[in-house]
Amino acid sequence: MPANVNKFRKNTYKQKKNSQSNDLEGRELTWTSLKAFFKSQRLRKSVGLFFLLLSAYLSLAFVSYLFTWTADDVWLDGRAFNWALLTDSSLEVSNMMGRVGAVLSHLFIKQWFGISSFLILFIMFLTGFRILTKYRLLPLKKNFYYSFFLLIWISIFLGYIIPDDKLLILGGRFGYEASAFLNGLLGVIGTAFFLFFTGALVVILRFDPNFHAIANAVSGLFGRKQEEEEEETEAGENTLTPADDSLEEDDGDSGLPDPAFQLENGDDHAPVPDEDDHTAAEVELDTDIEPKPAKTGEDPDWEIEVADGKVSGSDYRELDDPYGSDDHEGSRTELGEYDPTLDLPRFQLPGLDLLDDRGSGTIHVNKQELEENKNRIIETLKNYAIEIDKIKATVGPTVTLYEIIPAPGIRISKIKNLENDIALSLAALGIRIIAPIPGKGTIGIEVPNSQPEIVSMKSILASDRFQKSGFDLPIGLGKTIANETFIADLAKMPHLLMAGATGQGKSVGLNAIITSILYKKHPAYVKFILIDPKKVELNLFSKIERHYLAKLPDTEEAIVTETREVIRTINSLCVEMDNRYDLLKDAQARNIKEYNNKFINRKLNPNMGHRFLPYIILFIDEFADLIMTAGKEIELPIARLAQLARAVGIHLVIATQRPSVNIITGTIKANFPARIAFRVTAKVDSRTILDSGGADQLIGRGDMLLSTGSDLLRLQCAFIDTPEIDRITDFIGSQRAYPDAFHLPEYLEEDAAVSDALDPSERDAFFEDAARLVVSTQQGSTSLIQRKLKLGYNRAGRIIDQLEAAGIVGPFEGSKAREVKIKDEVSLEQILKNNL
C-alpha cells in the first residue's frame, strides 16, 4: 500500500510538472507568434503599400498647395496645430486633398522646409517600393543621406536668396530663420561662401569631378585663342624669319618672336619641336596627369618624357629615375600612387540587403535540456566509477560543449572510451569527446542541440569582425561553439582542402568562401578560376565573368568543365606562376604584397613588363572525378602550385567527396595545412582528411571541423542559398565590366607539339595495320597495338602519335582510351590512300 501511495504521489508530481511546462510552452508559442507576425510578408507588404499611397497622397496635396496656399493660409496662419482643425466641418479649404492635405502641406512647405519638402516624398516612395517589392529601385541608404542634405541646403539657400517672409513657401520658415541666423553669424558674403562650400563638397563626394581635365580643357581653349590672335598679328606685321640676318643683330626688341620658340627651362631658352611633336609645355602638363591603367591582363602603355627629348623603355636601366626626371621623388609625388581600380572607378561592392535573414542570430538556451544532459552525463560516468569535480556548458548554434573536470586520479583514456555509452544515454547523434581540450585543463563533450540554429551568411558578413578585418583575402566560414563569428585569411592558410560525404555542405562552403571575397574585394584585386566537373554547382557565377573570373584566351566559357580544358588551365596557371616569380625576381620582392606596393608607389617601370598582380584563387569542385579521369596530369601541377604559388598570390581551394588515400595523396596533404572536414561515413575517411578522427561523428548540414595543423575547431558553416547568389551575381553583372575575363598565359600541350612535328614519310611499317586494328575495334589504345601486333611499348606509342597526327584517333585523355574518329574501314581506306 505505501508503495502505491508513493507511486501515486510521483505521478501527481509529474502531472503538475507537465502542466507547468505546457503553460511555459504556451507563453513561448505566443511570443514566437508575435515575432513571426512582425516578420511576416503580409505585414511587410502592408507597410510598403502604406508608404507608397502616402507619398502619392502628399504629392497631390503639395502640388495643390502651391496653387491654393494664399486661400488656405487665411485660416491656417497663426493657429497652432490641433485635431480640431481637422474635424471642424465649417472650415472650407481649397486644397484638392481636403483639410488633412492642406494642414500637412502648410506644415511641411510653409512652416518647415519649403519646396524642398518634395524630397521627403521621394524617400518615402523609395522606401515603400523597396518594402513592397523587395526590389531596389535606387540605393536607399545613399539617397537618404543626399536627400536629407539637399532638404536642409535648398531650404537655407532659398531663404538666403529670397529673404521675404511673405514667400515662405519657397524656403520655408526653417530656411528663412536659418539664413537669417547665418547672416548674423557669418555676414551675407560669408553665408554665400558657406553655402557654396557645402554644396561643392557634396558634389565632390557624390560625383568626384575631374577638375584637372576641366582645367586642361579651359587652358587648351584659351591657348588656341591666343595662338590664333598671334598668328593674325604676325600675318599683319610681316615679321622677320629666323633666316634673316637682322635677327642676329637685333636684341630681340624688334619684331614678335615665334611663340613656338619661347620655352623657359630655368634661365635658358631651348627650341622645341613643331606641332606634330609634343611641345615642352605639353610635356610638363602630361607629367601632372595620372596615366590611365591598361586593360586587365595588359601592361599600362606609359611613355617616359623629359624636357630635351623622349626616353624609351629600352633606356630605362641607364637612368636613375624610372620616370625620366632627375628629381624622381618629385615626379612620383606629382603622379601620386597608382590606383588599380581606375578601370572600374564606380564599381560598388554588393550590399547586405541582397542576403536573406535566417534564424534569430541569438542562442536560445533551453535550461531544461541542459540540466537533463548534465545529469545524464554525470550518471553515466558514475556508473563506471568516474567522479567529476565541476561541469559547465557552452551553448553554440548547433552544438553544446560540456566541459568537465574529473576528480584527481581519473585517467583521461577511461573517459574517452565511454564515447558510445554517453551517446546512448543522451540518445543523440554526433557525440564527440575532446580529451583534453587544448589549452585547458578540462575534457570536452560535444552534444548536438535538439533545436539547432541556422547560421546565415548575412550575419557573418554583417559582423564587426568581418567588416573591420584587415586580411588580404578574408573568408567568413561560420560560427564556433561559443557562437563567435569565425573569419580566416586565405592568404595565410595558404591553401584549403575540403572533403565530406554527399550533401553535407561542401558546395555551400565553396559558395560562402566566394561570397565573402566578393563582399570585400574590388575586381582589380582578385580573380577566380572555377573548375566544376559537375557543370551545375559553380555555374551560378558565370554572370561575373568579365569582373572576377580568369580563363584561357581561346576558350568561350569561363567555368571550366571538361577534363582536357582543366589540364590546360592548371598548366597555364603554372606558367602564370613562373612568370610572376620572374617579375618578383626583377623587382627584388619576396612576395606579391611587396611587389604590388612597389608598383603602386611607381617604383617599377611598366615598360619593363611590370604590372599590378591580382590574387588568383583556383576553386575545384569534385576533385576526385578529375583524379579518376586524368590522374597524374592533374595531381602533379596541383602539387607544384601548392608548393610554390603562395608567394605570388595564387591560392587553391579544393573540394572532394571521396577522401580516400588515392585521391588525397601524401603530396597534396603535405601542402594543404588548412583542411575542412564535413561529415564522412567512416573513421578512416576522417583520418585521411584530418589525420585524426571526429569527422565521422558530425551531424551534417554544415557541421564541420577545421584543422589548421595543430588543433581542430568545430564550426557551423554559414548558409547561403541559390536565390541569394543569383541576386549578388545579378548586382555585380549589371555594373560596368572589363572588356573580357582575365586572360591566363597560353599553354601549348606537349602531345600537340609532337603531333605537329611528325612527318608522314617517316611512318612506321605497321602504321596501316595499326590503323585498321584501331578502327575495327574502335579502341585507341597503345597496349592494344602492343599486344595484337607484338610490338614494344615505345614503338606502339610512336604509332599512336602517328595515328593522332593523321586524324584517326583523338588526343590523349589520361587513363581513358583515345577517341577513334574514323567509324568505318571504308573511310579509313580513303584516308590512307590520300595520305600516301
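For every chain, the first residue of the written sequence is number 1, and numbering continues from 1 onward in sequence order. With the structure being a predicted model, the display of local features is reserved for residues of pLDDT at least 70 and the display and counting of side-chain atom pairs for 80 or more, all residues being used for whole-chain, interface and lining totals. Side-chain metrics in this entry use all non-hydrogen atoms of the structure; hydrogen atoms and water are not considered.

Caption draft 1: Broad picture of the pairing of strand β14 (residues 615-620). The element β14 is extensively covered by neighbouring structure, given that 6 of its 6 residues are classed as buried. Relative accessibility thresholds used throughout: buried, under 20% of the residue-type maximum; exposed, over 50%; partly exposed, between the two (1.4 Å probe, protein chains only). Runs of E in the DSSP output that reach at least two residues are strands. Runs of H or I that reach at least four are helices, and both are numbered from the N terminus. Side chains Tyr 615, Ile 617 and Phe 619 of β14 all project onto a buried face; the interleaved residues Ile 616, Leu 618 and Ile 620 project onto the opposite face, where all are buried too.

Caption draft 2: Focus on the side chain of Gln 697. Along the polypeptide, Gln 697 turns up in the loop between α24 (683-690) and β17 (703-707). Any N or O atom pair separated by 3.5 Å or less is treated as a polar contact, with the protein-specific requirement of one donor-capable and one acceptor-capable atom, and with residues adjacent in sequence counted only for side-chain atom pairs. Within the local environment of Gln 697, its side chain forms a polar contact with the side chain of Glu 419, the two groups lying 2.5 Å apart. When residues no more than four places from it in sequence are discounted, the contact partners of Gln 697 are Glu 419, Gly 430, Ile 431, Arg 432, Lys 683 and Arg 714. The contact criterion used is simple: two residues touch if any of their non-hydrogen atoms lie within 4.5 Å.

Caption draft 3: Looking closely at the sheet that holds β17. Here 9 strands make up an open sheet; going across it, the order is β10-β9-β18-β17-β16-β11-β15-β14-β12 and the pairing mixed. Because the sheet does not close on itself, it has two edges, and the strands there are β10 (485-489) and β12 (526-531). Going from strand to strand, the sheet's axes swing by 30 degrees on average, the running direction of each strand aside. Strand pairing requires that DSSP identify at least two bridges connecting the strands. Sheet analysis places β14 next to strand β15 (residues 650-656), joined by 5 bridges and oriented parallel. Here the axes come from fitting lines to C-alpha atoms, over the contacting stretch only for helices, and the angles between their N-to-C directions go from 0 to 180 degrees.

Caption draft 4: Representation of the nonpolar core. Here the nonpolar core consists of buried residues drawn from Ala, Val, Leu, Ile, Met, Phe, Trp, Tyr and Cys, with membership extended through side-chain atoms lying within 4.5 Å. The biggest cluster of nonpolar side chains holds 112 residues, and the ones touching the most others in it are Phe 528 and Ile 634. Element by element, the count of residues in this core is highest for helix α19 (residues 563-587), at 9 residues. Residues in contact with Ile 634, not counting those within four places in the same chain, are Val 566, Ile 567, Ile 570, Phe 623, Leu 626 and Ile 627. Counting residues in each nonpolar core, the second largest holds 21 residues, with Ala 770, Leu 784, Ile 808 and Ile 822 among its members.

Caption draft 5: The arrangement of the confidence of the model for the protein in detail. The pLDDT value tells you how sure the predictor is about a given residue, anywhere from 0 up to 100. With 76% of its residues at a pLDDT of at least 70, the protein reaches an overall mean of 78. Mean pLDDT in the protein bottoms out at strand β3 (residues 304-306), which sits at 31, and peaks at β14, which reaches 96. Contacts from residues 234-330, a stretch scored under 50 in pLDDT, to residues over four places away or in other chains number 112 contacts. Across residues 752-757, confidence stays below pLDDT 50; counting only partners more than four residues off in sequence or on other chains, it has 5 contacts.

Caption draft 6: Quick peek at a nonpolar patch on the surface. Nonpolar side chains (Val, Leu, Ile, Met, Phe, Trp, Tyr) are joined into patches within 5 Å and like charges within 9 Å, using only residues with over 30% relative accessible area and no salt bridge. Per-residue and other accessible areas were derived by the Shrake-Rupley procedure at a 1.4 Å probe size, with only the shown protein chains allowed to occlude residues. Each salt bridge in this description consists of a side-chain nitrogen of Lys or Arg and a carboxyl oxygen of Asp or Glu lying within 4 Å of one another. A surface patch of nonpolar side chains, amounting to about 450 Å² of accessible area, comprises Phe 122, Phe 125, Tyr 135, Leu 137 and Leu 138. Among the secondary structure elements, Leu 138 is positioned in the loop between α5 (118-133) and α6 (140-161).

Caption draft 7: Seen up close, the pattern of salt bridges. The full count for this structure, using the stated rule, is 35 salt bridges. The shortest N-O distance in the salt bridge between Lys 593 and Asp 472 comes to 3.4 Å. In this pair, Lys 593 sits in helix α20 (residues 592-600) while Asp 472 sits in the loop between α16 (464-467) and β9 (474-480), placing the two residues 121 residues apart along the sequence.

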